[in-house]
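Single-letter residue listing:
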Amino acid sequence: MGMKDKAGKTQGQAKQKMHEGQQQAQKAQQGQQGQQGQPGQQAQERGQQTQQRGQQAQERGRQTQERGRQMPERGRQNLDDTEQEMRDRFDQDYDA
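The structure reproduced in this document is the subject of the present report.

Conventions and cut-offs
- For every chain, the first residue of its written sequence is number 1, and the numbers climb from 1 along that sequence.
- Totals for whole chains, interfaces and linings use every residue, but because this is a predicted model, local features are given only for residues with pLDDT of at least 70 and side-chain atom pairs only at 80 or more, for both listing and counting.
- Derived side-chain values reflect all non-hydrogen atoms in the structure, with water molecules and hydrogen atoms excluded from consideration.
- Numbering of helices and strands runs from the N terminus; a helix is a DSSP stretch of H or I covering at least four residues, while a strand is a stretch of E covering at least two.
- Classification of residues uses two cut-offs on accessible area relative to the type maximum, computed with a 1.4 Å probe and protein chains only: under 20% is buried, over 50% is exposed, and between them is partly exposed.
- The method behind every accessible area is Shrake-Rupley, applied with a 1.4 Å probe, and residues are considered shielded solely by the protein chains displayed.
- When two rings of Phe, Tyr or Trp (its six-membered ring) have centres within 6.5 Å they constitute a pair, described as stacked for plane angles under 30 degrees, edge-to-face for angles over 60, and tilted for the intermediate range.
- In the sections that follow, a salt bridge refers to a side-chain nitrogen of Lys or Arg positioned within 4 Å of a carboxyl oxygen of Asp or Glu.
- Note that patches include only residues with greater than 30% relative accessible area and no salt bridge, and the join distances are 9 Å for like charges and 5 Å for nonpolar side chains (Val, Leu, Ile, Met, Phe, Trp, Tyr).
- Positive charge is attributed to Lys and Arg, negative charge to Asp and Glu, and no charge count is given to His or to the chain ends.
- Charge positions come from single atoms, namely NZ of Lys, CZ of Arg, CG of Asp or CD of Glu.

## A look at the overall build of the protein
Within the protein, the regular secondary structure consists of one helix and zero strands. Relative to its full complement of 96 residues, the protein shows a buried share of 0%. Here the protein has roughly 9,400 Å² of accessible surface; of this, 46% comes from carbon and sulfur atoms.

## With respect to the packing of aromatic side chains
Counting across every chain of the model gives one aromatic pair. Geometrically, the ring pair formed by Phe 90 and Tyr 94 is tilted, given 4.5 Å between the ring centres and 50 degrees between the ring planes. One end of the pair is Phe 90 and the other is Tyr 94, both in helix H1 (residues 3–95) and four residues apart, which spans about a single turn.

## With respect to the pattern of salt bridges
Within the structure shown, the criterion is met by two salt bridges. With a closest N to O distance of 3.1 Å, Arg 62 and Glu 59 form a salt bridge. With a gap of three residues between them, Arg 62 and Glu 59 both fall in helix H1, about one helical turn apart. Between Arg 87 and Glu 83 there is a salt bridge, with its nearest N and O atoms 3.9 Å apart. Here Glu 83 and Arg 87 lie together in helix H1, a separation of four residues that amounts to about one turn.

## Digging into a negative patch on the surface
Judged by side-chain charge, Asp 80, Asp 81, Glu 85, Asp 88, Asp 91, Asp 93 and Asp 95 come together as a negatively charged surface patch. By the secondary structure assignment, Asp 88 is in helix H1.

Honestly, that's just the spatial picture; any functional story needs more than this.
Listed below in structure tokens is the structure:
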């Protein structure tokens with residue numbers, strides 16, 4: 001084997017290794033791009049979950065408001081019952 005053949009063979013091997021390195025770099029870059037897509041998707045999912053929680057909180061707020069409107073009526077009824085009970089006890093105490 002001559003010196004030229006040996007140099008050509010070494011040069012061919014170097015080019016092949018360089019090509020393999022470029023392919024690995026491209027694969028690594030594509031992998032990073034794929035990973036970057038996932039956080040964006042996760043952020044979107046988190047945004048949707050946050051929006052759902054907000055809607056649930058609004059619904060709970062509406063329910064609480066409705067209960068708040070009902071409470072004064074119950075309170076008045078309880079107050080009326082208490083006054084009636086006091087009258088009944090008063091009448092019982094002084095009737096005896």
